[in-house]
Amino acid sequence: MANTLRLYLTCIRNTLEAAMCLQNFPCQEVERHNKPEVELKTSPELLLNPVLICRNEAEKCLIETSINSLRISLKVKQADELENILTKKFLRFLSMRAEAFQVLRRKPVQGYDISFLITNYHYEDMQKHKLIDFIVQFMEDIDKEISELKMSVNTRGRLVATEFLKQFI
Amino acid sequence: MACFERASPALKDILLKLYRAEKPMEIDHHLYEFGSVQYHIQSSASDPHHTYLSISTPLLSQGALLSDRLSHATIEMIKGVGSNAVDIVEPAKEGYHLTLRLNFSKIPRDKDSVQVITQISAVQAVIISSQLKEMLQNVNSQVTLHGMHKPIKLVYHPREPFFVIRQPQKIIAVFPMRFKENSDVIIATAFFQELMDVGSSQEWAKAPPCIWSPIPPPELRGETFEDLSTNGGFVSFDIYSRHVEGERLDKTVWSLLNFYAYVKSHVKCTRGFVQRRMRKRLESLVKVLQKVSSEEELEEEEEEEKFGKDKDVGCNYMRKLVSLSNSKILKRRHGVLSRKIKRIRFRIKIHGFGRFRRRWLRFPKFSSSMGYTKLD
C-alpha cells in the first residue's frame, strides 16, 4: 500500500517539475489585464495538454498547465461514509481559508475535492522545488489527517458507548 | 453533564443554602432546566419552618393520550422521597404538576442530611421514571394482559417517541432515531455500531444487549408511517429481569429515558472535536508554507549580505584611492543638486529666454561681513 502511494506521489512530483514552467503573459483579449489562462481557456495555443494521474478509481490528480498558470486538482480516497463526510468537512474548511495558503483555490474543480492554482506571480515569489514539496507534503498530510480523524471519532464512540453501558451494571 | 444527573444541581444548591442558613431567608426563585422542567421555590421569614417547592415537568404520555396529572403510583413513589420532611400539597400551585411542603427541621443534622436533600432535588426524575418503572417491574409477570405483544408508544419529549414491547422473558425498548443533518446521521451510526460491538463483548455480558438496524424491527409492524420513517435507524435494548432488580431499576429507567439526549450530546461533542482538530491542523499546514516563504527570504537576505559585503570592500578601496577634501565634496554635491533643480524648474525650453533671464532675472547679490563690495 505504501509502495503505491510512493509511486503515485513520485509521478505527481515529476509531472509538476515538468509542467511548472510559468512566465508572465498579459491577456490577449483585454488590454492591461493579466489573467490565469488555465482558468479562462479562451486561447488554446496557450494551453498544454492536461495530465490525469490515477492511483485507483477513487484517487486521482489532474494537472492542467498554461503559459502563465497551473491548476492541480485532487480527488482524495473515501473508503466509507464517515471518511466521506470528514473529507468534505476538512477540505471545505481549508478552501474557505484559501487566503492563508495563497496557492489554494476557494472552490474545487467539479469532480474533485480540492484544487490549487499557481500563477506566475507565485512562481516568482516562491522557489519551484519548494512549491512542489509543499503540494506533495499537503497530499500526504491530508490523507494522514483524515485517517486520524476517523480513528479518533471511532475511539470516542467506543468510550462513550462503554460509559453508557456502565450505567446498567 | 448536568442534564444526565438525577438530582438538579441548581435546586440542590438552593435547598442546601436554605437548610444551612442560620436565620430564616426570604426566597422566591424560578428555575428553568433542560427538558422543559420548571421549579418554583418559595420561603418566607413569616413561616420559617416550611419551604414550598413546585415542579412542572413534561410527563411520560402513552400514545396519543396526553397526561397532565400524576398517577397514583407516582404519588406513592414521591411520598417515599425525603421521609418525614416532605408533604404533598393538594391542590398543586397553578401551572405546576406538583407542590411539596418541605420541613427542614425534620431532616436529621448528620451526614445523611445531604443525601436527603439530594433525594428531594431528584423529585423530577422520580416523577418521570415512575411510569416506566411500573412497566419494567412486571417483566417476568405471568399475568397475560390484553395486547401483550402490542408495542406501547411512550412520549417524553415531543417528536422523540420510543416504544416498549412486552415479551414473555424480556421487555424490548425501541428508539427510532432521527437527525436533522446527514453528517449527524453518519456520526450517530458509527456510535451505534460501536455500542453494538462493545455490548456483544464478553466483559459487557451483564449489560442489556443492544441492536441497531436501518429498518424497523418486526415488533413494530403495524405502527404508523410517521413513527417508522427515520434517517438514523432503530436502536433496540433487551431488558431482562436481572437489569431491573433492586437498585438497578432506577439506573436502567434513567438511562433509557435519557438515551436520546445522550446520543445527541455525543454527536454535538464529536462535531466540536472535529472542528477543533481541523483548526489545529490548518495552523500546522499554514506554518509549513510560511516556513517555505521565510526560508526563501532568509536565502535572499544571505545573498544580499554576501554581495553587500563585497560592495563595501570595493567602495572603501575606491575611497582610499581617491582622496577628496570635505569642501570639494560639498561643492560637487551642491552643483549636482542645483542642476537637478534647474532641470525641474526649466522643463519648458523657450528660444532666447536664457539670454533674457541672464540679463533681467538675476538674483541680487547680498553683501557679507567676510568681504566688501566696491562702490562705484
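Keep in mind it's a predicted model, so treat the numbers as computed, not measured. (Residues numbered from 1 in each chain as written. Chains lettered and ligands numbered in written order. Predicted model: local features only at pLDDT ≥ 70, side-chain atom pairs only at ≥ 80, totals over all residues. Heavy atoms only, no water.)

J.: Any chance you could explain the pairing of strand β2 (residues 60–65) of chain A here in plain terms?
T.: On a regular strand, one side chain projects to one face of the sheet and the next to the other, so that they alternate. All names here are of chain A. Among the six residues that make up β2, five are buried, leaving the element largely enclosed by the rest of the structure. When strand β1 (residues 51–54) meets β2, the two strands line up antiparallel, connected through four bridges. Residue pairing in the sheet places Leu-52 in a bridge with Leu-62 of β2. Between β2 and strand β3 (residues 69–75), which pair antiparallel in sequence order, lie three residues. (Buried < 20%, exposed > 50% of the residue type's maximum accessible area, 1.4 Å probe, protein only. Helix = DSSP H or I, 4+ residues; strand = E, 2+ residues; numbered from the N terminus. Pairing = 2+ DSSP bridges.)

J.: Is there a simple way to explain helix α7 (residues 248–257) of chain B in this structure?
T.: Quick reminder: α-helices carry 3.6 residues per turn. Residues three or four places apart thus point the same way. By the criterion of burial, α7(B) is predominantly enclosed, with seven of the 10 residues buried. All of the buried residues in α7(B) are Leu249(B), Thr252(B), Val253(B), Trp254(B), Ser255(B), Leu256(B) and Leu257(B).

J.: Explain the sheet that holds β2(A) to me, please; I cannot follow it from the model alone.
T.: Where strands meet in a sheet, backbone hydrogen bonds hold them as pairs that are either parallel or antiparallel. Residues and elements named next belong to chain A. Strand order across the open sheet formed by four strands is β1-β2-β3-β4, with antiparallel pairing between neighbours. Only two strands of the sheet have a single neighbouring strand rather than two, namely β1 and β4 (114–119). With strand direction ignored, the average angle separating the axes of adjacent strands in the sheet is 15°. Pairing analysis gives six bridges linking β3 to β4, with the strands arranged antiparallel. Bridging across to β4, Ser-73 finds its partner in Ser-115. With respect to the sheet, helix α1 (residues 2–19) is in contact with β1, β2 and β3, its orientation differing from that of β2 by roughly 5°. Sheet strands touched by helix α5 (residues 128–166): β3 and β4. Its angle to β4, the strand with the most contacts, is close to 175°. (Axes fitted to C-alpha atoms, helices over the stretch in contact; angles between N-to-C directions. Contact = heavy atoms within 4.5 Å.)

J.: It is not clear to me how the sheet that holds strand β2 (residues 37–43) of chain B should be interpreted in this structure. Could you clarify?
T.: Residues and elements named next belong to chain B. Taken in spatial order, the five strands line up as β1-β2-β3-β6-β5 in an open sheet, and their pairing is antiparallel. Since the sheet does not close on itself, it has two edges, and those belong to β1 (27–33) and β5 (86–89), each with one partner. Sheet twist, expressed as the average angle between the axes of neighbouring strands with direction ignored, equals 20°.

The values reported here are purely geometric and, on their own, carry no functional implication.
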